[in-house]
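What follows is each chain in one-letter form.
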Amino acid sequence: MDTLELLAHPVRLRIVHAMRGGRELTTTQLCARIPDASKAMVYRHVDLLAAGGILEVADERRVRGAVERHYRLRLDRVVVDAEALAALSPDDHRRVFATSMAVLVAEFNAYLDRQDADPLADLVGYRQHAVWLTRGELEKLIGELRRVIWPLLANQPAPDRAQYLLSPIFFPVEQPPADSGPA
């Protein structure tokens with residue numbers, strides 16, 4: 001199974017999100033993090049991610065006669081390269097996008113189901129803006145977002161940090177007229 005196929009499943013993508021920040025978690029801890037998925041499902045998907053090289057065993061120890069494994073995310077393996085993206089069909093894009101949206105809805109519902117959920121205090125946002133951009137303006141916007149976001153991806157968990165799910169999505173909802181040119 002290639003990286004894109006491994007990541008294009010809601011439970012596996014949620015496991016990857018949970019592992020971000022250098023965390024080393026057991027499957028039991030992941031089950032607690034993803035309570036709306038059955039334990040068997042989480043175990044199955046952890047095994048698939050480990051077999052595919054996305055997760056690696058960071059530590060093993062005996063606990064009550066069983067081997068408990070702590071897994072960590074291999075950041076070098078959670079990359080879908082440009083070649084793989086270029087090979088996607090429109091149906092592949094639909095499937096990957098639907099997976100992303102399913103994860104977003106599942107994570108948001110899990111957040112709202114928490115006893116301490118407070119969207120106002122937690123600065124929860126889910127705005128959508130329709131903006132008119134040239135290709136150059138879009139590339140500049142994406143570059144600026146990357147400049148701001150990429151350094152934050154290296155942040156490690158800390159007592160004063162909460163993990164936020166950030167999902168920038170760009171697609172044209174309307175194309176410029178074919179005869180449009182420089183004004």
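Residues numbered from 1 in each chain as written. Predicted model: local features only at pLDDT ≥ 70, side-chain atom pairs only at ≥ 80, totals over all residues. Heavy atoms only, no water.

A. Structural detail: the pairing of strand S2 (residues 55-63). Of the pairings in the sheet, the one linking S2 to strand S3 (residues 66-73) comprises 8 bridges and is antiparallel in character. Among the inter-strand pairings, Val-63 is bridged to a residue of S3, identified as Ala-66. Counted along the chain from S2 to the antiparallel partner S3, the turn is 2 residues long, and its residue Arg-64 has a positive phi close to 50 degrees. (Pairing = 2+ DSSP bridges. Helix = DSSP H or I, 4+ residues; strand = E, 2+ residues; numbered from the N terminus.)

B. Main features of unusual backbone geometry. With a phi angle near 50 degrees, Arg-64 is a residue other than glycine that sits in the positive phi range. Tracing the backbone through its elements, the reader meets Arg-64 in the loop between S2 and S3. The residue Leu-123 is not glycine, and still its phi comes out positive at about 55 degrees. Residue position: Leu-123 is located in the loop between helix H6 (90-113) and helix H7 (135-152). Overall, Leu-123 belongs to the exposed group, its relative accessible area being 72%. (Buried < 20%, exposed > 50% of the residue type's maximum accessible area, 1.4 Å probe, protein only.)

C. Region of the structure containing the sheet that holds S2. Read across the sheet, 3 strands follow the order S1-S3-S2 without closing on themselves; strand pairing throughout is antiparallel. The open sheet has two edge strands, strand S1 (24-25) and S2, and neither has a second partner.

D. Seen up close, the pattern of salt bridges. One pass over the structure, following the stated rule, counts 13 salt bridges. Among the salt bridges present, the one from Arg-14 reaches Glu-107, with a minimum N-O distance of 3.3 Å. Within this pair, whereas Arg-14 is found in helix H2 (residues 10-19), its partner Glu-107 is found in helix H6, the two being separated by 93 residues in sequence. Residue Arg-74 pairs with Glu-56 through a salt bridge whose shortest N-O separation is 4.0 Å. Of this pair, Arg-74 sits in the loop between S3 and helix H5 (82-86) while Glu-56 sits in strand S2, and the two are 18 residues apart along the sequence. (Salt bridge = Lys/Arg side-chain N within 4 Å of Asp/Glu carboxyl O.)

E. Quick peek at the environment of Met-101. In this fold, Met-101 is placed in helix H6. A relative accessible area of 25% places Met-101 in the partly exposed class. Distance in space between the C-alpha atoms of Met-101 and His-17 is 14 Å, their sequence separation being 84 residues.

F. Region of interest: the confidence of the model for the chain. Within the chain, residue pLDDT values average 92, and 97% of them lie at 70 or more. Within the chain, the element-level pLDDT minimum falls on H5, averaging 89, and the maximum on helix H4 (residues 39-51), averaging 97. (pLDDT = per-residue confidence, 0-100.)

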